[in-house]
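One letter stands for each residue in the lines below.
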Amino acid sequence: MPLDGGIMSIQLRRTVGAGAALLFASTLSTASWAQWQAGRITTKDVSGTTSQYVEVGSTRTPAGCEYRLQLPLAWGINEVSGDRGPPRRLSSASCANPSFDFTSGRELEEQTAYYWSFVARSYAIANLWITPPGWPLGPIAVSKTGVQPNVIGGGNFATACFPIAPNADGCMRVWPHEGPKIHLEAGVLTPELVVHEYGHYAAGFAYGHMDAFGFSLPAATGDCMKLAFQEAIADMFKFLVMHDRRYAAYAGSDGFGPVAASHSARGPIACGDAYVTALPVQQAFQQALWGTDYSRKIVVNWRANPLDTTKPNDPHIANRKMANAFTYALALNRGHRIDQLAGSLVEWFDVNEPRRADAIRKIFGAHGYLVQPYGAACTAHPQCASFRCDNRPGAGCVAQDGMCPAGGFCTTHQQCRTGTCKVAAGSLRGVCTN
Ligand SMILES: [Zn+2]
């Protein structure tokens, strides 16, 4: 484990001290909180404040029931805590549905942290922690260890999110003695912030993409590219959740109006600021999800049936397919390379959604990730969506071993899911066959 360097050891001491003294880690085991009940949560919403029903932790007491902002299930949400005092807990002699009903202040932020962690968790269970269509390599290992949200301010936030505070509004950390936590800065907490930090957990931690301790080790040691990968996947998760929420909340299409991403970033960017370095792939992902590039010249075919031109694009199809490609890319790519992540997103469309792939390829190409499908001419690996080039004259981009479906281009048996690449005599170019 690469723990050399003074910054890391300083951080270790500071955060362990803070964790014990300030962050009110819940001391009750989740085993005694094996029940949950529908409760009302007042939360900051996409616009304004709303009241929502979700499940909250519930347990029987001699006096009735007690409720907490926690969810004792797989991918659990451990009790929302902070530095304003003990977490708010409700009790009811009749075991009526609880209502966490603060409408302002730190309590509203804690309720918001819970509610949006719940929304993000529900999204991830349905769309991210799955085996996506076209995944050929067997079960995907995903951690089910829960995460704990903290709402903290001032010096406590600066300590918990060292060294990226004060520039950040939140961070995620995983220390061996306390498990995954997301720290959210009091006073500036928003739904987007909660979902972004949850994205570090859902797309990062759960898929094994965190560094040792989940501390921003790459940033501390100057590895901007690795931190850029972490930020890119957190934001891509946020885009999916908020896009899904938009259509769930408004129950319909808005004509794919918003393309919030600017068109300025283009990769690869010289690595100085990890957040800037993450922008091109984030923007390409966001534009593909919303179905058009900034200039609206490239339009993704998001119809439920790509061949049925009488129907409009379907945002739910867009969301599901982008989530499938994202999951495929998260499961396939180890080593925190956003260029490889971008390639895999395009590769998934090449193989599984060929009628949508060209527009996706163009959008990613416009952001600097111009990657070619299996069989296209190449001279070097990064030119290929698969990140694998057979550069012999007449060959081309090929799949990683075991990834190419029947009918796909191949040059060796190992590339094919079927194990057989049929190559005509005198040629390098083959087809995966059963
Ligand atoms: Zn982040």
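Since the structure is predicted, the reported quantities are computational estimates derived from the model, not experimental observations.

### What about the overall build of the protein?
Here comes step 1: Secondary structure summary: the protein contains 10 helices and 14 strands in total.
Here comes step 2: Within the protein, the fraction of its 434 residues that count as buried is 47%.
Here comes step 3: For the protein, contacts bridging at least 24 residues in sequence account for 62% of all contacts bridging at least 6.

### Quick look at the sheet that holds strand β14 (residues 430-432)
Here comes step 1: Taken together, the 3 strands give an open sheet; going across it, the order is β12-β14-β13, and neighbouring strands pair in antiparallel fashion. Where the open sheet ends on each side, the last strands, each with one partner, are β12 (409-410) and β13 (421-423).
Here comes step 2: Examined bridge by bridge, β12 and β14 share 2 bridges and lie antiparallel to one another. Bridge pairing in β14 places phenylalanine 409 opposite valine 431.

### A short note on the pairing of strand β2 (residues 49-61)
Both faces of the sheet carry side chains from a regular strand, because those side chains alternate between them.
Here comes step 1: Sheet topology note: the strand β1 (residues 35-44)/β2 ladder contains 10 bridges and is antiparallel. When the sheet's bridge partners are listed, glutamine 37 is paired in β2 with valine 56.
Here comes step 2: In this structure, the hairpin formed by β1 and β2 is closed by a connection of 4 residues, where glycine 48 is found at a positive phi of approximately 80°.
Here comes step 3: Here 5 bridges tie β2 to strand β3 (residues 64-68), and the two strands are oriented antiparallel to one another. By the bridge assignment for β3, serine 58 is matched with tyrosine 67.
Here comes step 4: Here β2 folds back onto β3, and the loop between the two strands holds 2 residues.

### A closer look at the pairing of β3
Here comes step 1: In the sheet, β3 pairs with strand β5 (residues 90-92) via 3 bridges, with the strands oriented antiparallel. Looking at β5, one finds that glutamate 66 is bridged to serine 91.

### Concerning the confidence of the model for the protein
Here comes step 1: Averaged over every residue, the pLDDT of the protein is 87; residues scoring 70 or more account for 86%.
Here comes step 2: Predicted confidence is poor over residues 1-31, with pLDDT under 50, and the contacts of this stretch with residues over four places away or in other chains come to 44 contacts.
Here comes step 3: Contacts for the low-pLDDT stretch residues 251-256, under 50 throughout, to residues beyond four places or in other chains number 6 contacts.

### Re the sheet that holds strand β4 (residues 81-82)
Here comes step 1: Pairing in this open sheet of 4 strands is mixed, and the strands run β4-β7-β9-β8 from one edge to the other. At either margin of the open sheet sits one strand with a lone partner, and together these are β4 and β8 (170-175).
Here comes step 2: As judged from the 5 bridges shared by strand β7 (residues 148-152) and strand β9 (residues 179-185), these two strands associate in the parallel manner. Across the sheet, valine 151 pairs through a bridge with leucine 184, a residue of β9.
Here comes step 3: Contacts from helix α2 (residues 105-127) reach β4, β7 and β9, with the element oriented near 155° to β7.
Here comes step 4: Here helix α4 (residues 191-205) sits on the sheet and contacts β8 and β9; the angle it forms with β9, its principal contact strand, is near 160°.

### Examining α4
Here comes step 1: The terminal C-alpha atoms of α4 lie 20 Å apart, and with 15 residues this matches the ideal 21 Å at 1.5 Å per residue to within 8%.
Here comes step 2: Within α4, the axis deviates most sharply at tyrosine 198, by approximately 30°.
Here comes step 3: Here α4 lies mainly inside the structure; 14 of its 15 residues are buried.

Cut-offs and rules
- Residues numbered from 1 in each chain as written.
- Predicted model: local features only at pLDDT ≥ 70, side-chain atom pairs only at ≥ 80, totals over all residues.
- Helix = DSSP H or I, 4+ residues; strand = E, 2+ residues; numbered from the N terminus.
- Buried ≥ 20, exposed ≤ 12 C-beta atoms within 10 Å, placed from the backbone.
- Contact = placed C-beta atoms within 7 Å.
- Pairing = 2+ DSSP bridges.
- pLDDT = per-residue confidence, 0-100.
- Axes fitted to C-alpha atoms, helices over the stretch in contact; angles between N-to-C directions.
- Expected span 1.5 Å × (residues − 1).
- Bend = angle between axes of the 7 residues up to and from the residue.

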